[in-house]
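# Examination of the molecular architecture
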Amino acid sequence: MSLGSQNLVFVGMPGSGKSTVGVLVAKRLGLGFIDTDLLIQQHTGQTLQETVNQEGYLALRKIEEQVLLQLDVQQHVISTGGSAVYSDAAMSHLKSGAKVIFLDISLNTVLRRIGDYSLRGISKRPDQTLVELYEERSGLYARYADYTVQGDTLNQEQACEAVVQYCKHL
Ligand SMILES: Nc1ncnc2c1ncn2[C@@H]1O[C@H](COP(=O)(O)OP(=O)(O)O)[C@@H](O)[C@H]1O
Ligand SMILES: O=C(O)C1=C[C@@H](OP(=O)(O)O)[C@@H](O)[C@H](O)C1
Ligand SMILES: [Mg+2]
């Protein structure tokens, strides 16, 4: 496979499909799969929402950074949380030995897919709207991306196929 020993790292807004498409891609390409949100929950012993509620969104970002910096795997799909891109150190670490895929969706699609985001543990300032968060993050996802999938009109299988085709042509 042309990806060689590298990882595939998914970034993008909550609801962009990093977790669901990530696992489909791992199955298609015979790679391992890691969802870093689950590693964070194992690390803290609580849900992401509990961490945000009890310790605040900046604490969650700090824990996320530590968990990402500790990752040392090859030939895995790594589905990050939407806030991973706030740490340049963590993204530089992940990006060395990986191709980074940005699942890019519109704000409307984010809103449609994630519904009530107050229960989703989103790492944002309490006063920040989702619109503001979307605008703040768009440039960050693009900055780290090796490949961007425009996901608005793709179902999960089609998004998976776009990533598989990208990997074949590396
Ligand atoms: N390409 C897609 N088309 C339609 N629904 C999708 C797509 N990708 C993800 N979803 C749905 O959006 C929701 C969030 O997906 P998820 O993979 O958890 O996103 P993320 O990990 O990026 O937050 C889930 O209900 C999932 O089924
Ligand atoms: O965007 C965010 O701030 C977050 C997204 C979540 O992951 P998903 O992007 O997989 O939903 C999770 O990491 C955490 O609750 C913070
Ligand atoms: Mg996810």
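Presented here is a report on the structure given in the accompanying data block. Predicted, not measured: the structure shown is a model, and the values here were computed from it.

### Quick word on the pattern of salt bridges
- Tallied over the full model, the rule gives four salt bridges.
- Residue Lys62 pairs with Glu65 through a salt bridge whose shortest N-O separation is 2.9 Å. In this pair, Lys62 and Glu65 both sit in helix 4 (residues 57-70), three residues apart, roughly one turn of the helix.
- Look at Glu65 and you get buried, because its relative accessible area is 17%.
- Across the pair Asp146 and Lys95 runs a salt bridge, and its minimum N-O distance is 3.0 Å. A residue pair is termed long-range when its members are at least 10 positions apart, and Asp146 in the loop between helix 7 (130-144) and strand 5 (147-150) and Lys95 in helix 5 (residues 88-95) qualify at 51 residues.
- On the basis of relative accessibility, which here comes to 35%, the residue Asp146 falls in the partly exposed class.
- Judged by relative accessible area, Lys95 falls into the partly exposed class, the value being 27%.

### Details of the site of ligand 2
- Taken together, Pro14, Lys18, Asp37, Leu48, Gly81, Gly82, Ser83, Arg120, Gly121, Ile122, Ser123 and Arg137 make up the full set of residues near ligand 2.
- In the environment of ligand 2, an oxygen atom lies 2.7 Å from a nitrogen or oxygen atom belonging to the backbone of Ser123.
- Across the complex, the protein chains shield 96% of the 380 Å² of accessible surface that ligand 2 would expose by itself.
- Structurally, ligand 2 is housed in the largest pocket.
- Here the residues of the shell around ligand 2 sort into three nonpolar, five polar and four charged.

### Structural notes on the packing of helix 4 against helix 5
- Relative orientation of the contacting elements helix 4 and helix 5 amounts to 25°, with a least axis distance of 9 Å. In terms of their interaxial angle, helix 4 and helix 5 are classed as roughly parallel. Our pair here, helix 4 against helix 5, has a crossing hand that is left-handed. Taken together, the residues of helix 5 that come into contact with helix 4 (itself represented by Glu65, Leu68 and Leu69) are Ala89, Ala90, His93 and Leu94.
- Taken together, the residues that form the contact of helix 4 with helix 5 break down as five nonpolar, one polar and one charged.

### Focus: the layout of surface pockets
- Computed from the structure, the largest pocket encloses a volume of approximately 550 Å³.
- For the largest pocket, the lining is made up of 33 residues, of which Pro14, Gly15, Lys18, Ser19 and Arg120 are closest to its centre.
- Among the secondary structure elements, those contributing two or more residues to the lining of the largest pocket are helix 1 (18-29), helix 2 (36-44), helix 4, strand 4 (98-104), helix 6 (107-114) and helix 8 (156-168).
- Taken together, the residues that form the lining of the largest pocket break down as eleven nonpolar, 14 polar and eight charged.
- Reported here for the second largest pocket is a volume of approximately 150 Å³.
- Lining the second largest pocket we find Gln49, Val52, Gly56, Tyr57, Tyr117, Ser118, Gly121, Ile122, Lys124 and Pro126.

Rules used throughout
- Residues numbered from 1 in each chain as written.
- Chains lettered and ligands numbered in written order.
- Predicted model: local features only at pLDDT ≥ 70, side-chain atom pairs only at ≥ 80, totals over all residues.
- Heavy atoms only, no water.
- Salt bridge = Lys/Arg side-chain N within 4 Å of Asp/Glu carboxyl O.
- Helix = DSSP H or I, 4+ residues; strand = E, 2+ residues; numbered from the N terminus.
- Buried < 20%, exposed > 50% of the residue type's maximum accessible area, 1.4 Å probe, protein only.
- Near = heavy atom within 4 Å.
- Polar contact = N/O pair within 3.5 Å; in protein donor to acceptor, adjacent residues only side chain to side chain.
- Areas by Shrake-Rupley, 256 points an atom, 1.4 Å probe, with all protein chains shown as cover.
- 1 Å grid on protein atoms, 1.4 Å probe; cavity = no way out; pocket = protein on both sides within 12 Å on 5 of 7 lines; lining within 4 Å.
- Sits in = over half its atoms within 2 Å of the grid points.
- Nonpolar A, V, L, I, M, F, W, Y, C, P; charged D, E, K, R; others polar.
- Axes fitted to C-alpha atoms, helices over the stretch in contact; angles between N-to-C directions.
- Parallel < 35°, antiparallel > 145°, perpendicular 65-115°, else oblique.
- Left-handed = near helix turned anticlockwise from the far one by under 90°.
- Contact = heavy atoms within 4.5 Å.
- Points joined across faces, edges and corners; volume = space filled by probe spheres on them.

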